[in-house]
Amino acid sequence: MLSDVSIFTKSEIELTPGWSGLRIPRACIFGLGLIGGSWAGALHNAGWDVSAIDSEKASIEEAVVRGWLQDGWTSVPEFLDVDLIVLALPLQILKEGLDQLTGRIPKGAVVTDVGSLKRGICRKSGVDTQKDFPEFYFIGGHPMTGSEQSGFRVADPNLFQGYPYVLTPDKDCPPHVFQKLAATLKGFGAKVVFREPLEHDVEVAMVSHIPHLLAVALTLATQDASKEGKEPFALAGRSFRDITRIADSSPEMWKEIMVKNADAILGGLTLWEQRVQELKESLLQGDGEGIAEAFRKAHLARESLN
């Protein structure tokens, strides 16, 4: 006789009741930092019942005071009767968080993460859902918004509004399932974008990882330019402050991202170096029109951001 698990394919597993309107939808957030806390607030505002798990009891208590949580724990309960799990954990423990779900969530639940890299976690989820716990749907996610500040104290339910939110559903994930999550995010005001995991990691190197490196490099180079009695930082106006703001981001978080996505970042840096070399050549030759043309091309390219 076949086991119950082998009778059904993953695409035939029904979503949990909250997704079909049979009850108020329920979610649990793993990690109440900036992103996880913002998820909690956004879900609460959308009418969800929200719980959370965080090692910092103070963050849970503050989220309850704000009215965003119905409940919270400092360790994972035996069972979480929820429709959605959001793994808002540091990159280095994201896979561990996925492992903790084994046997603890109902059939048909949706699990997503907020990690800055997608290949590793999506590969792991694909292997594990074939083997150990095939009855939930994993959809990789990455909000393209944030802050150089961190922690629950700066969480904002409107953090995702107006910004891209990347989803990387597995090829076996039924469209109606990832569209449910996409609709939830659109309800937050996010602009949902779909990518393959590898595509995501290559593209995000250019639009997020390299900008952080350049902000750090410019800050340090400006410090190098300082001489006795001369302090360039004293002259810094809005442009310098804006372009180097993200150099204040968490060193521990960014060392993990940079090392794990080094290949894509190095490829992007090669493209950037080629463009810098072109500008240097224009300066060496006194070619003002070449510099102006570069500004014009950049202006046209940036129009797609609007």
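This structure is a prediction, so every number in the text was calculated from the model and none was measured.

Draft legend 1. Quick look at the overall build of the protein. On a plain count of helices and strands, the protein comes out with eleven helices and eight strands. Dimensions of the protein along its principal axes, counting C-alpha atoms only, are 80 × 40 × 30 Å. Residue burial in the protein is summarised as follows: out of 306 residues, 42% are buried. As displayed, the protein offers around 17,100 Å² of accessible surface, 55% of which is attributable to carbon and sulfur atoms. Within the protein, one finds 31 positive and 41 negative side-chain charges whose respective centroids are separated by 3 Å.

Draft legend 2. Spatial organisation of a nonpolar patch on the surface. Judged by side-chain polarity, Met-206, Val-207 and Leu-271 come together as a nonpolar surface patch covering roughly 280 Å² of accessible area. In this fold, Leu-271 is placed in helix α10 (residues 262–284). Residue classification places Leu-271 among the partly exposed residues on the basis of a relative accessible area of 48%.

Draft legend 3. Quick look at the side chain of Ser-38. When you line up the elements, Ser-38 lands in helix α2 (residues 34–45). Excluding residues within four positions of it along the chain, Ser-38 makes contact with Gly-33, Ala-155, Asp-156, Pro-157, Leu-159 and Phe-160.

Draft legend 4. Up close: the pairing of strand β7 (residues 164–169). For β7, the buried fraction is high: five of the six residues fall into the buried class. As paired elements, strand β6 (residues 137–143) and β7 share five bridges and run antiparallel to each other. By the bridge assignment, His-142 is partnered in β7 with Val-166. Taken together, the four bridges between β7 and strand β8 (residues 191–194) define a ladder with parallel strand orientation. Residue pairing for β8: Val-166 is matched across the bridge by Val-193.

Draft legend 5. Structural view of the packing of helix α7 (residues 197–224) against α10. The contact between α7 and α10 brings their axes to 9 Å, and the two run at 70 degrees. Taken together, the axis directions place α7 and α10 in an arrangement best described as roughly perpendicular. Here α7 and α10 pass one another in a crossing that is right-handed. Contact with α7, carried on its side by Asp-201, Val-202, Ala-205, Met-206, His-209, Ile-210, Leu-213 and Leu-214, involves Ala-264, Ile-265, Gly-268, Leu-269 and Trp-272 of α10 and no other residues of that element. Residues of the contact of α7 with α10, tallied by class, amount to ten nonpolar, two polar and one charged.

Draft legend 6. Highlighting the nonpolar core. Core analysis: the biggest nonpolar cluster contains 41 residues, and Ile-29, Trp-39, Leu-43, Leu-84, Phe-160 and Leu-185 have the highest contact counts within it. Only β1 (26–30), α2, β2 (49–53), α3 (57–65), β4 (84–87), β6, β7 and α6 (175–187) provide two or more residues apiece to this core. If one sorts the elements of this core by residue count, α2 sits on top with six residues. When near neighbours in sequence (up to four residues on either side) are disregarded, Phe-160 contacts Ile-35, Ser-38, Trp-39, Ala-42, Pro-143, Thr-145, Tyr-165, Phe-188, Gly-189 and Ala-190. Of all hydrophobic cores here, the second largest spans 29 residues; its members include Leu-94, Met-258, Ala-264 and Leu-269.

Draft legend 7. How the structure looks around the packing of aromatic side chains. This structure, assessed with the given rule, holds nine aromatic pairs. Taking the centre distance of 5.2 Å and the plane angle of 85 degrees together, the rings of Trp-39 and Phe-188 count as edge-to-face. In this pair, Trp-39 is assigned in helix α2 and Phe-188 in the loop between α6 and β8, connecting sequence segments 149 residues apart. Since its relative accessible area comes to 0%, Trp-39 is described here as buried. Aromatic side chains Phe-233 and Phe-240 sit 5.9 Å apart centroid to centroid with 65 degrees between the ring planes, which places their arrangement in the edge-to-face category. Among the residues examined, Phe-233 registers a relative accessible area of 32% and is labelled partly exposed. By relative accessible area, Phe-240 is classed as buried at 19%. Clustering of aromatic rings is evident, with ring pairs tying together Trp-39, Phe-160, Tyr-165 and Phe-188.

The rules behind these values
Residues numbered from 1 in each chain as written. Predicted model: local features only at pLDDT ≥ 70, side-chain atom pairs only at ≥ 80, totals over all residues. Heavy atoms only, no water. Helix = DSSP H or I, 4+ residues; strand = E, 2+ residues; numbered from the N terminus. Buried < 20%, exposed > 50% of the residue type's maximum accessible area, 1.4 Å probe, protein only. Areas by Shrake-Rupley, 256 points an atom, 1.4 Å probe, with all protein chains shown as cover. Lys, Arg positive; Asp, Glu negative; His and termini not counted. Charge placed at Lys NZ, Arg CZ, Asp CG, Glu CD. Patch = residues over 30% accessible without salt bridge, like charges linked within 9 Å, V, L, I, M, F, W, Y side chains within 5 Å. Salt bridge = Lys/Arg side-chain N within 4 Å of Asp/Glu carboxyl O. Contact = heavy atoms within 4.5 Å. Pairing = 2+ DSSP bridges. Axes fitted to C-alpha atoms, helices over the stretch in contact; angles between N-to-C directions. Parallel < 35°, antiparallel > 145°, perpendicular 65-115°, else oblique. Left-handed = near helix turned anticlockwise from the far one by under 90°. Nonpolar A, V, L, I, M, F, W, Y, C, P; charged D, E, K, R; others polar. Core = buried A, V, L, I, M, F, W, Y, C linked by side-chain atoms within 4.5 Å. Phe/Tyr/Trp six-rings, centres within 6.5 Å; stacked < 30°, edge-to-face > 60°.

The analysis is restricted to geometry; functional conclusions fall outside its scope.
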